[in-house]
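Fold and geometry: a report
Residue-level listing of the chains:
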Amino acid sequence: SGLSGGGDFSADRSFSVNTNVRDKQVGLFYSGNLATAMLGEESRIYIPFNMELRAVRLAVTTSATGANILVNPLQYNALLTASTAMFLAGNRPMIVTNNLAGSDNGTITIGTLFSGSWLACNVDQVGSTVVGSNLTINFLLRSS
């Protein structure tokens with residue numbers, strides 16, 4: 001990203017790199033045993049300019065058993081009145097049962113967070129036999 005120019009190598013070519021491409025990492029933390037109605041779901045991260053969602057990474061201190069831990073990243077409009085899921089249901093970021101870390105599978109439905117929007121995340125599934133605890137969600141965002 002940021003590289004432009006080029007062509008075939010039969011002659012001299014010029015390339016330029018946009019040095020204004022910036023990756024940013026923001027995160028949310030949900031403390032205690034996970035539940036699908038956690039207060040942490042009410043937190044929002046303000047998006048001051050257009051940014052591309054590059055990846056979502058997850059970690060817990062206690063693994064869930066019986067079922068995966070699933071989260072649902074959402075983009076809210078500027079008034080916080082409407083939200084849009086950033087992944088289809090089958091592609092949401094997850095931590096596979098009995099693991100302490102996980103991520104998205106690379107299939108992001110909405111890749112651009114627009115200026116003035118808000119980023120949030122719901123916990124959709126927490127395990128069934130033993131719930132996970134202390135969830136950290138990291139979002140890797142790119143701006144240029």
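Described in the following lines is the structure provided in the data block. Here the structure is a predicted model, which means the values were calculated and not measured.

Details of the overall build of the chain
A tally of regular secondary structure across the chain gives zero helices and twelve strands. When the elements of the chain are put in sequence order from the N terminus, they spell out β-β-β-β-β-β-β-β-β-β-β-β. Along the first, second and third principal axes, the C-alpha set of the chain runs to 65 × 35 × 25 Å. Among the 144 residues that make up the chain, the fraction classed as buried is 34%. Split by element, the accessible area of the chain, about 7,700 Å² in all, is 51% carbon and sulfur.

Let's talk about the packing of aromatic side chains
Enumeration according to the criterion identifies one aromatic pair in this entry. Aromatic pair Y46 and W118: ring centres 5.0 Å apart, planes at 65°, arrangement edge-to-face. Here Y46, found in strand β4 (residues 45–46), pairs with W118, found in strand β11 (residues 118–126); they are 72 residues apart in sequence, far enough to count as distant. Here the guanidinium or amino end of R44 rests over the ring plane of Y76, the centre of that ring lying 4.1 Å away.

A word on the nonpolar core
Membership of the largest hydrophobic core comes to 26 residues, with the highest contact counts inside it found for Y30, L34, L135, I137 and F139. Listed by contribution, the elements that provide at least two residues to this core are β3 (22–33), β5 (51–59), β6 (69–76), β11 and β12 (133–143). With sequence-adjacent residues up to four places away left out, Y30 is seen in contact with M38, G40, E41, C121, V123, N134, L135 and I137.

Some details on the environment of Q125
Within the secondary structure, Q125 is located in strand β11. A relative accessible area of 28% places Q125 in the partly exposed class. Taking C-alpha positions, Q125 is 55 Å from D12, a pair spaced 113 residues apart along the chain. Within the local environment of Q125, its side chain forms a polar contact with the backbone oxygen of N68, the two atoms lying 2.8 Å apart.

Notes on the side chain of N72
Looking at the secondary structure, you find N72 in strand β6. With relative accessibility at 8%, the residue N72 sits in the buried group. Here R92 takes part through its side chain, which lies 3.2 Å from a polar atom of the side chain of N72. Apart from residues lying up to four places away in sequence, N72 is in contact with A85, F87, R92, A120, C121, N122 and D124.

Regarding the pattern of salt bridges
Tallied over the entire structure, the rule returns five salt bridges. For R57, the salt bridge identified is with D104, shortest N-O distance 3.7 Å. Of this pair, R57 sits in strand β5 while D104 sits in the loop between β9 (101–103) and β10 (112–113), and the two are 47 residues apart along the sequence. Residue class for R57 comes out partly exposed when judged on its relative accessible area of 44%. The exposure class assigned to D104 is buried, which follows from its relative accessible area of 11%.

Things to note about the pairing of β6
Judged by how many residues are buried, β6 sits mostly within the fold: eight of eight residues are covered. Burial of β6 is two-sided: the residues I69, V71, P73 and Q75 facing one way and the residues L70, N72, L74 and Y76 facing the other way are all buried. The pairing of β6 with strand β8 (residues 94–95) spans two bridges and is classified as antiparallel. Following the sheet pairing, I69 is matched in β8 by I95. Here β6 pairs with β11 via eight bridges, running antiparallel. Looking across to β11, one finds that V71 is bridged to V123. Relative to strand β7 (residues 83–85), β6 runs antiparallel, the two being bridged by three bridges. Bridge pairing links Q75 to T84 in β7. Count of turn residues in the β6/β7 antiparallel hairpin: six residues, of which L80 carries a positive phi of about 60°.

Reading guide: rules and limits
- Residues numbered from 1 in each chain as written.
- Predicted model: local features only at pLDDT ≥ 70, side-chain atom pairs only at ≥ 80, totals over all residues.
- Heavy atoms only, no water.
- Helix = DSSP H or I, 4+ residues; strand = E, 2+ residues; numbered from the N terminus.
- Buried < 20%, exposed > 50% of the residue type's maximum accessible area, 1.4 Å probe, protein only.
- Areas by Shrake-Rupley, 256 points an atom, 1.4 Å probe, with all protein chains shown as cover.
- Phe/Tyr/Trp six-rings, centres within 6.5 Å; stacked < 30°, edge-to-face > 60°.
- Lys NZ or Arg CZ within 6 Å of the ring centre and 35° of its normal.
- Core = buried A, V, L, I, M, F, W, Y, C linked by side-chain atoms within 4.5 Å.
- Contact = heavy atoms within 4.5 Å.
- Polar contact = N/O pair within 3.5 Å; in protein donor to acceptor, adjacent residues only side chain to side chain.
- Salt bridge = Lys/Arg side-chain N within 4 Å of Asp/Glu carboxyl O.
- Pairing = 2+ DSSP bridges.

Note that every value here comes from positions in space, so none of it alone points to a role or purpose.
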